[in-house]
Amino acid sequence: MEMTVERKTQKRLAPKVIRFFERGWFAPFLLSIQPVLHLFSINAAELHFSEILRSLFVSFLLGVVILGFAYVSLRDGRRASLIASLFLFLFFLFGDMAVWISRNFGLGPARTNLVTLAFVAVVMVAWIWLVRNRVKDIASVNLYFNLLAVVFFINAGVRMGNTLLENGVSLLPEQSVQTTVIESTESRPDIYYIILDGYGRQDILQAFYEFDNSSFLNELSARGFYIASESSSNYIQTMLSLSSSLNMDYLQELRADGTGIENRGDLIELVANSKARALLAQQGYQLISFHNEYKATIPSAEIYYDDAQADLAYPVTAFESILIDHSMARVLTHIPAFNKALIDMPYDTHRRHILSAFETLQKIPTLDGKYFVYAHIIAPHPPFVFDEVGNLVPQDMPFTLNDANYYIREHSQKNYIAGYRRQIQYVNTLVLETIDAILTRSTTPPIIILQGDHGPGAHLHWGSLEQTIPAERFGILNAYYFPDQDYALLYPSISPVNSLRVVFNQFFDVDFALLPDRHYYSPWSFPFDFVEVTDLTLP
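Residues numbered from 1 in each chain as written. Predicted model: local features only at pLDDT ≥ 70, side-chain atom pairs only at ≥ 80, totals over all residues. Heavy atoms only, no water.

Colleague: Let's hear about the packing of helix α9 (residues 238-247) against helix α17 (residues 496-507): which residues, and what values?
Modeller: Closest axis-to-axis distance for the α9/α17 pair is 7 Å, and the angle between their directions is 25°. Taken together, the axis directions place α9 and α17 in an arrangement best described as roughly parallel. Crossing angle aside, the handedness with which α9 passes α17 is right-handed. In this structure, α9 contributes Ser244, Ser245 and Leu246 to the contact, and α17 contributes Pro496, Val497 and Leu500. (Axes fitted to C-alpha atoms, helices over the stretch in contact; angles between N-to-C directions. Helix = DSSP H or I, 4+ residues; strand = E, 2+ residues; numbered from the N terminus. Parallel < 35°, antiparallel > 145°, perpendicular 65-115°, else oblique. Left-handed = near helix turned anticlockwise from the far one by under 90°. Contact = heavy atoms within 4.5 Å.)

Structure representation (C-alpha cells):
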C-alpha cells in the first residue's frame, strides 16, 4: 500500500517538474553566473569570496538585460530564453574559443577576436532564425536548455563548495590576538619583518639573470646589515614559506585547530595566528600588516593598512580582468579607453600596493607603542610593472600573479628574466630609501629582517621537480639588522625557519633550539606533497 502511494506521488510530481522546466525562463540567469563561480573555484586559493560579488552582480544583470532585450524583440518568453541562453553561453566561452583559434591558426590578438566574433555572430544569426521559424516543439527545447543550465550551475556550485572547504576559507579569523601590555622601563625595539616576494640570492641572480646585485648588498652592509650569503628558503610557495617562518617550525610539525595542516585555509590561519605574533603580543607588541592582492596578509592585525577598499567604486580587480579576458568583453580591450579600464587598472592597483607599502613603512617609526611589522610586498615577483628606474611598464595581458611556467606559458622565459632584472633594480631603490627612513626616524634602533619567501621562477615548473632548477627557486635574499650589531647567532646558510628563533633568543631571553635547515619542493596543485631537496648546487 505504501509503495502504491509513493508511486502515485512520483507520477504526480514528475509532470509538474517537467512543466516547470518546459515553461521556465531561468536558464539565462544560471548561465550568466555559472562562469563566475567556475572561475572562482579555479582561483580560490588566491581569492576571497567577497572579491567575486561584484562580478556575480554584473553578470546576473547582463543576463537580465539580454533576456529582456530578446523578450522585447520576440514577445515570447521561452523563445527569448533560448536565444539569450545560447548568447550568454557563447559570451563567456568567447575567450577559450579565441585562445584555441590563436594557437591553431597563429593569429594575433586583434584578428583572433575578430574571427571569433564573426563565428559567434554566424552561430547566433542561425540560432535566431531556427528558434523563430523552425523550432516547433519549443517547450522540449526549452526543457533541455534549462536542464543543461541547472547541471552547469550545480557542477560549478559543487566545485566551488569543495574548493572553499579544501582551502578552509572560513578559518580566516575575525578577531585580533589579545595583546598584553607589560609595564617595563626597558625600551623594546620595533621588529620589521619585510618579505620581498621572489627576491633571489646574489649568486642566483648572477648565474641565471646576468645581474650583479653586489652593490645593493654592499649598501645594506654599510648600514650595518648581516647578509646570509648562502641562505635558501624552506619551501617554494609563499603561503608555505610564510606560515613556516612565522611559526618558526616546519609545516610537517605544525597544527591548525589541533589537527595537521591539510589545506591552504590552514596556512591562512597559521599566518594570521602565528606563534611569533602570540609571543610578541605577550610582550605588549601590536601587529601591523598591509593589504595586497594575495592571501598572505593579516586583516586581523591591530593596524591593517588597506589603501583600496573593494566596493562598487573600486577599479577593475585582477579577478574581473581574468573574467573579462575569458568573455566576449575582451574585444573592448582594443579600444584605448576600455583598455585602460580593463587591462591597466589592475596593474595600477598592484603598483599602488607596492609603493604604498614602502611609503607606509617609512612612517611607522613615528607611531607610539611597540610594533611587529609584517610587510609582504609582491615584488620583484611577477607581474613586472616597473622598469629599473620606476617607470611604468606597459601591459597587454590581463592581470595575474602567475609565476614560473604559468607565467612563461603566456609570455616567455626571456621576458621573465628581462622583466625581473629590471624590476629588482627599482625594488632595491625603494628598499634602501625605506631602510634609511626607518633607521633615521626610530628613537630605539629597530630589528629588521629583509627576506625573500622564495627565489625567482624562470626555471621553476609547478608540476615537475625534474623540470625545475631547485637552486634558483630556493636561493633567497636574507638580510638582518640588529640594534647591537651582534650577529654571532647568525650564519651564512640560515633559512627562514630559524630567523625569528634567533631574534627571540637574542632579544627576548628565550632558548629556542635552532632547527636543521631543510628545503622542500611541492607542486602548486598539491602543496603538501613535499619532496626534500638536498642538492641546491648551481648546475
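More follows now that the structure is in view.
Colleague: With reference to specific residues and values, describe the nonpolar core.
Modeller: Generally speaking, soluble globular proteins have nonpolar side chains that are buried together. Judged by nonpolar contacts, the single largest core of 108 residues is most densely connected at Tyr374 and Leu450. The biggest single contributor to this core is helix α15 (residues 413-441), with 11 residues. Not counting the four nearest positions on each side in its chain, Leu450 is found in contact with Ile194, Leu196, Leu220, Phe225, Val431, Ile435, Leu477, Asn478 and Ala479. (Core = buried A, V, L, I, M, F, W, Y, C linked by side-chain atoms within 4.5 Å. Buried < 20%, exposed > 50% of the residue type's maximum accessible area, 1.4 Å probe, protein only.)

Colleague: An account of the packing of aromatic side chains is requested, with residue identities and associated values reported.
Modeller: For the coordinates displayed, the defined rule picks out 32 aromatic pairs. Here Tyr480 and Phe482 contribute two aromatic rings whose centre-to-centre distance is 6.2 Å and whose plane-to-plane angle is 70°, an arrangement assigned as edge-to-face. Exposure class is identical for Tyr480 and Phe482. Each is buried. Every member of this aromatic cluster is reached through a ring pair, and the members are Tyr209, Phe384, Tyr407, Tyr416 and Tyr420. One Lys or Arg, Arg264, reaches over the ring of Trp524 and ends 4.3 Å from the middle of that ring. (Phe/Tyr/Trp six-rings, centres within 6.5 Å; stacked < 30°, edge-to-face > 60°. Lys NZ or Arg CZ within 6 Å of the ring centre and 35° of its normal.)

Colleague: Could you give an account of the side chain of Gln451, with specific residues and numbers?
Modeller: The topology assignment puts Gln451 in strand β8 (residues 447-451). On the basis of relative accessible area, Gln451 is assigned to the buried category, the value being 1%. Among the polar contacts made by the side chain of Gln451, one reaches the side chain of Tyr193 at a distance of 2.6 Å. (Polar contact = N/O pair within 3.5 Å; in protein donor to acceptor, adjacent residues only side chain to side chain.)

Colleague: Run through the environment of Tyr193, naming residues and quoting values.
Modeller: Summarising the element assignment, Tyr193 is placed in strand β1 (residues 191-196). It is 7.8 Å that separates the C-alpha atoms of Tyr193 and Gln451, two residues lying 258 residues apart in sequence. Those residues in contact with Tyr193, other than ones at most four positions away along the chain, are Ser245, Leu246, Phe372, Val373, Tyr374, Ala375, Ile449 and Gln451.

Colleague: Describe a nonpolar patch on the surface, with residues and values.
Modeller: Together, Phe57, Val58, Phe60, Leu61, Val64 and Val65 make up an exposed nonpolar region whose accessible area comes to about 520 Å². Looking at the element boundaries, Leu61 is found in helix α3 (residues 53-74). (Patch = residues over 30% accessible without salt bridge, like charges linked within 9 Å, V, L, I, M, F, W, Y side chains within 5 Å. Areas by Shrake-Rupley, 256 points an atom, 1.4 Å probe, with all protein chains shown as cover. Salt bridge = Lys/Arg side-chain N within 4 Å of Asp/Glu carboxyl O.)

Colleague: Break down the sheet that holds strand β5 (residues 286-290) for me, with residues and values.
Modeller: If you trace the seven strands from one edge of the open sheet to the other, you get β2-β9-β8-β1-β7-β5-β6, paired in mixed fashion. Here the strands that pair on one side only, and so sit at the sheet edges, are β2 (226-227) and β6 (303-305). In this structure, β2 lies alongside strand β9 (residues 478-481), joined through two bridges in antiparallel fashion. Among the inter-strand pairings, Tyr226 is bridged to a residue of β9, identified as Tyr480. Seen against the sheet, α9 touches β1 and β7 (371-377) and runs at an angle of roughly 165° to β7. (Pairing = 2+ DSSP bridges.)

Colleague: Run through the pairing of β5, naming residues and quoting values.
Modeller: The buried count for β5 comes to four of five residues, which makes it a mostly enclosed element. The pairing of β5 with β6 spans three bridges and is classified as parallel. Its bridge partner being in β6, Ser289 is matched across the sheet by Tyr304.

Colleague: With reference to specific residues and values, describe helix α7 (residues 202-209).
Modeller: Regarding α7, the residues found buried are Ile204, Leu205, Phe208 and Tyr209. Relative to the axis of α7, the buried residues are bounded by an arc of 95° and lie together on one face. Packing partners of the buried residues in α7 comprise α15 and α16 (470-474). In the segment just after α7, Glu210 is the residue with positive phi, at about 50°. (Arc of directions from axis to C-beta.)

Colleague: Give a description of the side chain of Thr434 that names residues and reports values.
Modeller: Considering the arrangement of structural elements, one finds Thr434 in helix α15. Reaching out from Thr434, the side chain makes a polar contact with the side chain of Gln362 at a distance of 3.4 Å. With sequence-adjacent residues up to four places away left out, Thr434 is seen in contact with Phe358, Leu361 and Gln362.

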